[in-house]
Amino acid sequence: MAAGYLDILRARHAARLLAGTLVGRLPNGTAHIAIVLFTRAEGGSYTLAGALAAAYGLATAVGQPLLGRAVDLHGQPRVQLPAAVLSALGMAALALAGLGSLPVAYAAVIVAGVFTPPLEGGLRALWPTVLGGEDRVHRAYAMDAVAQEVMFTVGPLLVTVLVSLWSPAAALIVINAIGVLGALSVVLSEPSRTWRSAPREAHWLGALRSPGLLALLSAFFFVGLALGSITVAGVSYADDHGRESVYGWLMAALGLGALIGGVLYGARQWAGTPERRLRGIVALLALCYLPLTLTPGVAAMTALSALAGVFLAPAIACSFIVVDRHAPRGTVTEAFSWLVTTFGVGAAAGTAVAGPAAEIGGTAWSFAVAGAGGVAALLVLLATGRVLAAPGRTPAVVAGSENDRNGAAEPGFSSGHKA
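Notes on the structure in this doc start here.

Rules behind the numbers
The written sequence of each chain sets the order in which its residues are numbered from 1. Whole-chain, interface and lining totals are the exception, using all residues; otherwise, since this is a predicted model, local features are given only for residues with pLDDT of at least 70 and side-chain atom pairs are given and counted only at 80 or more. With hydrogens and water set aside, each side-chain value is computed from the structure's full complement of heavy atoms. To qualify as a helix, a DSSP run of H or I must reach at least 4 residues; to qualify as a strand, a run of E must reach at least 2; elements of each kind are numbered from the N terminus. Given the number of residues in a helix, its expected span is that number minus one, multiplied by 1.5 Å. We call a residue buried when its accessible area falls under 20% of the maximum for its residue type, exposed when it is over 50%, and partly exposed in between, using a 1.4 Å probe and counting protein chains only. Whether two residues are in contact is decided by their heavy atoms, any of which lying within 4.5 Å being enough. Lines fitted to the C-alpha atoms define the axes, with helices restricted to the stretch that makes contact. Angles between their N-to-C directions range from 0 to 180 degrees. Put simply, angles under 35 degrees are roughly parallel, angles over 145 are roughly antiparallel, angles from 65 to 115 are roughly perpendicular, and the rest are oblique. By convention the crossing between two helices is left-handed if the near helix lies anticlockwise of the far one by an angle smaller than a right angle, and right-handed if it lies clockwise. Ten residues, namely Ala, Val, Leu, Ile, Met, Phe, Trp, Tyr, Cys and Pro, are considered nonpolar, four, namely Asp, Glu, Lys and Arg, are considered charged, and the remaining ones, Gly among them, are considered polar. For this analysis, a nonpolar core means a set of buried residues of the types Ala, Val, Leu, Ile, Met, Phe, Trp, Tyr and Cys, connected via side-chain atoms within 4.5 Å. Counting of polar contacts relies on pairs of N or O atoms within 3.5 Å, with two restrictions inside protein: one atom must be capable of donating a hydrogen and the other of accepting it, and residues adjacent in sequence are counted only when both atoms are side-chain atoms.

1. A word on helix 11 (residues 211-240)
Owing to its 3.6 residues per turn, the α-helix aligns residues three or four sequence positions apart on the same side.
Here comes step 1: Taking 1.5 Å as the rise per residue, helix 11 with 30 residues should run 44 Å; its terminal C-alpha atoms sit 44 Å apart, in good agreement.
Here comes step 2: In terms of residue burial, helix 11 counts as a mostly covered element, since 23 of its 30 residues are buried.

Dropping the structure here:
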């Protein structure tokens, strides 16, 4: 598997696009953490912290599919870079204005969320152009999921370091400035400048006309809810133990667990369809969220956080292939942006619920929201099994174009035949 990753990274532009996308997504990947820490430092309650983070998440949910569709229609540079700059300005406004005027604070996070650039979907749209072969593209999806967990491991630590060295306000500004540089690196690359979406059927629903995609998004709403609730629950746990740094370690452990899980998942071959496999992965994900409600000592809780993350990257990697199999032709960026949107809405709901849960029932109650979210995601996948078992019937897009709904395999997937 490591050799396969190196083969991808040696491809022209691949390392730059992956690194630029990860850096460009850093503001979005750490926004909930940064907002919660900033709000608490300004004297705001858990409920307000959750509400602001939820507003950001909902705004991202609105902006991602709209910007994703704009990218499919107008290309990447004309959308990605202006959006990144406007998003960074929104977060800077929050950092400079503080919580003195709540309408201004809410407006700032909403602007930052709406204009979050759809770099994640954009990268997956570029992989076929950069890598060519279908097998390499699918392997890149797995590498993408693993690389994300590096960001989610390093990101929380970077935020807490910036908070310790300067302040939560400075952390907001620095993280978003770095994000603009990442977006700039991507849009100045040749693949981004020359990429064009495949022709699409005119339909106001766009990617959402696919029943299978709708089923997947419904399930991943609850995965997002679980992750969003952990963001607030982790702060509550850190406060209970009197050390702000504990929060960073818990979030980093969650990301590290996902990183390990993603590497192990991609290191072997799997029989069966990705839709069926996804149900099993999400079942294990839900099972690992439940022990968080025990809230033991810091060392044990850090270990439980790592365990809770183990099946996250495999679930994400598998979901990429499911999206690719069900997305209508010409909607690749939009379809992947809807996946981001689903996470955003779910995370917003999770932060909004976990805040009051922490204040009413304590830290254990806020972690219980995560367990409930994982179980709900599994139930949705079980209930929509027949829909997910039937990928879109539109003729498949040829390998090397923007997407391939009916591709035979995902990274690590074996049909029983040796190459």
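2. Quick word on the environment of Val187
Here comes step 1: Note that Val187 resides in helix 9 (residues 168-187).
Here comes step 2: Expressed as a C-alpha distance, the spacing of Val187 and Val79, which sit 108 residues apart in the sequence, is 9.3 Å.
Here comes step 3: Apart from the residues lying within four places of it in its own chain, the contact partners of Val187 are Gln76, Pro77, Gln80, Leu81, Ser192 and Arg193.

3. Section: the packing of helix 16 (residues 332-361) against helix 17 (residues 363-383)
Here comes step 1: At a closest axis distance of 6 Å, the pairing of helix 16 and helix 17 adopts a crossing angle of 150°. One way to sum up the angle between helix 16 and helix 17 is to call them roughly antiparallel. Taken as a pair, helix 16 and helix 17 cross one another with a handedness that is right-handed. For the pair helix 16 and helix 17, contact is made by Val353, Ala354, Ala357, Ala358, Ile360 and Gly361 and by Thr363, Trp365, Ser366 and Val369, respectively.
Here comes step 2: Classifying every residue of the contact of helix 16 with helix 17 by side-chain character gives 7 nonpolar, 3 polar and no charged.

4. Comments concerning the nonpolar core
Here comes step 1: One finds Leu94, Trp127, Phe220 and Leu278 to be the most contacted residues of the largest nonpolar core, which totals 114 residues.
Here comes step 2: When residues in this core are grouped by element, the largest group, 14 residues, is from helix 11.
Here comes step 3: Apart from residues no more than four positions distant in its own chain, Leu94 is found in contact with Ile35, Phe38, Ala105, Ala108, Val109 and Leu172.
Here comes step 4: Counting residues in each nonpolar core, the second largest holds 5 residues, with Ala88, Leu119, Val180 and Ala183 among its members.

5. Observations regarding the side chain of Asp72
Here comes step 1: Assignment of secondary structure puts Asp72 in helix 4 (residues 46-74).
Here comes step 2: Residue Asp72 is classed as buried on the basis of its relative accessible area of 7%.
Here comes step 3: In terms of polar contacts, Asp72 uses its side chain to reach the backbone amide nitrogen of Glu334, at 3.1 Å.

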